[in-house]
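An overview of the molecular structure
Now for the letters of each chain:
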Amino acid sequence: MESRYKELKEKTYKLGELSLGSIQEKWKKCGDPDCRCARGEKHGPYYYLAYTDRDTGKTTTVYLQEEELPELRKRIKNYEKFRDELHELVEIEVEMRRG
């Protein structure tokens, strides 16, 4: 158990850049009755980063450029891995304190 604890502790500091949230893809109508979107062919896709603001508890979205997506996906995956490993780390620490 102690070796896994040490391994997790070291790994959490080597994950790289982290980002919280999820990427959302949206398609939109512009409102022009003569536009193709009025016939169901919406504009897009448009990409947004959605996350919950810790202070307000509200969901915030930020518009993304398509070229930002690969790096952001990597950062989100790093964060998810970090969160999971941190949770396991805390569980092991509690178990170690119990004896």
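Residues numbered from 1 in each chain as written. Predicted model: local features only at pLDDT ≥ 70, side-chain atom pairs only at ≥ 80, totals over all residues. Heavy atoms only, no water.

The protein chain is annotated in an unreviewed UniProt entry as DUF6788 domain-containing protein from candidate division MSBL1 archaeon SCGC-AAA382F02.

As a further point, take the nonpolar core. Counting residues in hydrophobic clusters, the biggest one holds six residues: Tyr47, Leu49, Leu64, Leu69, Leu72 and Ile76. Tallying contributions element by element places helix H2 (residues 69-98) first for this core, with three residues. If we ignore the near neighbours within four places in the chain, the residues touching Leu49 are Leu20, Gly21, Ser22, Thr60, Thr61, Val62, Leu64, Leu72 and Ile76. (Core = buried A, V, L, I, M, F, W, Y, C linked by side-chain atoms within 4.5 Å. Buried < 20%, exposed > 50% of the residue type's maximum accessible area, 1.4 Å probe, protein only. Helix = DSSP H or I, 4+ residues; strand = E, 2+ residues; numbered from the N terminus. Contact = heavy atoms within 4.5 Å.)

A cluster of nonpolar side chains, contributed by Leu86, Val90 and Val94, occupies part of the molecular surface with about 210 Å² of accessible area. Mapped onto the secondary structure, Val94 falls in helix H2. (Patch = residues over 30% accessible without salt bridge, like charges linked within 9 Å, V, L, I, M, F, W, Y side chains within 5 Å. Areas by Shrake-Rupley, 256 points an atom, 1.4 Å probe, with all protein chains shown as cover. Salt bridge = Lys/Arg side-chain N within 4 Å of Asp/Glu carboxyl O.)

It is worth spelling out the pattern of salt bridges at this point. Evaluation of the coordinates by the stated rule reveals five salt bridges. Salt-bridge contacts for Glu7 lead to Arg4; the nearest nitrogen and oxygen are separated by 3.0 Å. Taken together, the positions of Glu7 and Arg4, both in helix H1 (residues 2-12) and three residues apart, correspond to about one turn of that helix. Using a relative accessible area of 38% as the deciding quantity, one classes Glu7 as partly exposed. A salt bridge links Glu17 to Arg75; the shortest N-O distance between them is 3.7 Å. One end of the pair, Glu17, is in the loop between H1 and strand E1 (22-28); the other, Arg75, is in helix H2, with 58 residues separating them in the sequence. Here Arg75 falls in the partly exposed class, since its relative accessible area comes to 25%. One network of salt bridges, with partners in common, ties together Arg4, Glu7 and Glu88.

Now for the pairing of strand E3 (residues 59-64). Judged from the six bridges that link them, strand E2 (residues 43-52) and E3 form a sheet pairing that is antiparallel. Paired with Tyr51 across the bridge in E3 is Thr60. Here E2 folds back onto E3, and the loop between the two strands holds six residues, one of which, Gly57, carries a positive phi near 75 degrees. (Pairing = 2+ DSSP bridges.)

Moving on, we get to the environment of Thr52. Tracing the sequence through the fold places Thr52 in strand E2. The sequence separation of Thr52 and Gly21 amounts to 31 residues, and the corresponding C-alpha distance is 7.4 Å. When neighbours within four sequence positions are excluded, Thr52 is seen to be in contact with Leu20, Gly57, Lys58 and Thr59.

Our focus in this paragraph is the side chain of Asn78. Position of Asn78 among the secondary structure elements: in helix H2. For Asn78, a relative accessible area of 14% corresponds to the buried category. The contact partners of Asn78, leaving out residues within four places of it in the chain, are Leu15, Gly16, Glu17 and Leu18.

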